[in-house]
Amino acid sequence: MNKHIALFLPSLRGGGAERVMVNLAKAFAKNNFQVDLVLAKAEGPYLSQISSDIRIVDLNASRVALSLFPLAKYLRKNKPFALISALNHANIIAILAAKASLAKTRIFVTEHSTLSRSLLHPANFRTKLMPFFMKLFYPMADHVIAVSNGVADDLSKTLNLSRSKIKVIYNPVVTDDLFEKADEEVDHPWFKDKQHPVILAVGRLTEAKDYPTLIKAFYHVRQQRKAKLVILGDGEKREELLNLIKDMGLEQDVDIIGFVQNPYAYMKRCSVFVLSSKWEGFGNVLVEAMACGTTVVSTDCPSGPREILEDGTYGMLVPVGDVEGLADIVLKCLSQWSNLNLNQEKLKKRANDFHVKKITKEYIELLFSSRKRDFGSCVK
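### Here we look at the overall build of the protein chain
- Per the secondary structure count, the protein chain includes 16 helices and 13 strands.
- Its C-alpha radius of gyration of 21 Å places the protein chain within 12% of the 21 Å reference for a compact globule of 380 residues.
- Expressed as lengths along the three principal axes of its C-alpha atoms, the size of the protein chain is roughly 65 × 40 × 35 Å.
- Evaluated residue by residue, the protein chain yields a buried proportion of 56% over its 380 residues.
- Considering only contacts within the protein chain whose residues lie at least 6 apart along the sequence, 72% involve residues at least 24 apart.

### Remarks on the pairing of strand 4 (residues 82-86)
- Counting buried residues along strand 4, 5 of its 5 residues qualify, which places the element largely inside the surrounding structure.
- Across the two faces of strand 4 the burial is the same, with Ala82, Ile84 and Ala86 and Leu83 and Ser85 all buried.
- Sheet topology note: the strand 1 (residues 4-9)/strand 4 ladder contains 4 bridges and is parallel. Paired with Ile5 across the strands is Ala82, a residue of strand 4.
- The pairing of strand 4 with strand 5 (residues 106-111) spans 5 bridges and is parallel. Across the sheet, residue Leu83 finds its bridge partner in strand 5, namely Ile107.
- Where the polypeptide runs from strand 4 across helix 3 (residues 88-101) and back to strand 5, its parallel neighbour, the crossover connection is right-handed.

### Some details on the nonpolar core
- Judged by nonpolar contacts, the single largest core of 73 residues is most densely connected at Phe8, Leu71, Leu200, Met267 and Phe273.
- Per-element tally for this core: the top contributor is helix 3, with 7 residues.
- Among all residues touching Phe273, those that are not within four sequence positions of it are Leu200, Ala201, Val202, Met267, Val285, Leu286, Ala289, Thr294, Thr295, Val296 and Val297.

### Concerning the confidence of the model for the protein chain
- Confidence along the protein chain averages 92 in pLDDT terms, with 94% of residues attaining 70 or more.
- In this model residues 370-380 is a low-confidence stretch, pLDDT under 50, and it forms 31 contacts with partners more than four residues away in sequence or in other chains.

### Looking at the side chain of Arg350
- Structurally, Arg350 is set in helix 15 (residues 344-351).
- We classify Arg350 as buried; its relative accessible area is 9%.
- A polar side-chain atom of Arg350 sits 2.8 Å from a polar atom in the side chain of Asp353.
- Not counting the four nearest positions on each side in its chain, Arg350 is found in contact with Met290, Glu307, Ile308, Glu310 and Tyr314.

### Points about the sheet that holds strand 2 (residues 34-39)
- Across the sheet, which stays open at both edges, the 7 strands sit in the order 3-2-1-4-5-6-7 with parallel pairing between neighbours. On the outer flanks of this sheet lie strand 3 (54-58) and strand 7 (166-168), each paired with one strand and no other. Within this sheet the neighbouring strands show an average axis-to-axis angle of 25°, counted without direction.
- Sheet topology note: the strand 2/strand 3 ladder contains 5 bridges and is parallel. What sits directly across from Val38, in strand 3, is Val57.

Procedures and definitions
- Residues numbered from 1 in each chain as written.
- Predicted model: local features only at pLDDT ≥ 70, side-chain atom pairs only at ≥ 80, totals over all residues.
- Heavy atoms only, no water.
- Helix = DSSP H or I, 4+ residues; strand = E, 2+ residues; numbered from the N terminus.
- Rg over C-alpha atoms; globule rule 2.2 N^0.38 Å.
- Buried < 20%, exposed > 50% of the residue type's maximum accessible area, 1.4 Å probe, protein only.
- Contact = heavy atoms within 4.5 Å.
- Pairing = 2+ DSSP bridges.
- Right-handed = clockwise from strand over helix to strand, strands pointing away.
- Core = buried A, V, L, I, M, F, W, Y, C linked by side-chain atoms within 4.5 Å.
- pLDDT = per-residue confidence, 0-100.
- Polar contact = N/O pair within 3.5 Å; in protein donor to acceptor, adjacent residues only side chain to side chain.
- Axes fitted to C-alpha atoms, helices over the stretch in contact; angles between N-to-C directions.

This is the structure in structure tokens:
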């Protein structure tokens, strides 16, 4: 049996989809698969996390589109049994490269975001055209995988794909080394002196994460009690957020640290974790914080948080963009700060539903399903 698997990504920059693919690559390697991590450009902070039993293939393309023929050449030469790709522009390149290579590699494209919502805030002209190309090429894949039911429903509606043709597999978020990393020290005075509760958010500084709502909510929190806000992440909205913090007079109480290799140590030591997104695909950081035993608050955004928290059973949900509502719930959590450890085991147990061992098993079962799916009738 051919146990050679390739995973294709633009790069290993610090995003949620990249972290998921790294977790999958490691898990496949532990299950005695020959694993290639194929990158349009081998760069990004997660490169240092790749173990020696995973081969990194650098296509050395300045843009993902330019990796088409190098990827086809790789597939033709190496003939992996399966190619798993992530991020829609990379997914399209993966499908085209497989066709061009004439290899028998099975193609599994994964969707990590709520497509209709991201289209409301297109980063460029390519983003606007993406649904057209996805509708055209996704039926050529062997399987389309969505990371939540919300993403699957939205993908089906937006692309007019049959919902039955989309497989939902949640993200492999919890790993054994997560708990080891959570026990490491945090070199930040607010986490060391423990004089005031610390609110934490983790994620790229983008439109989707809606940090302005979080910062404005924190302003209301700060009006009623002493607290600190720490944001871990980099992105194009950094200067805008720093200006907002300055305008609101919060420079002494808010710190945007940037990307960190180990966010789990911060998660374990914060008082409450907040996800303020306008949209998600899943919400990896919610699971990670829960695995650390931390109380979580999230916007009820599409898609993922409501599924992870099971309609609010495992954490508070607030409407998207509701500054006062978010502030009120954070204050409620902080008022119970000394008792927050009461639900740690419950949170950790729920987080284990997204353990990499469990999710990898689902992937392996799909990869080696006995019958190739027929995507010829995928378009309604």
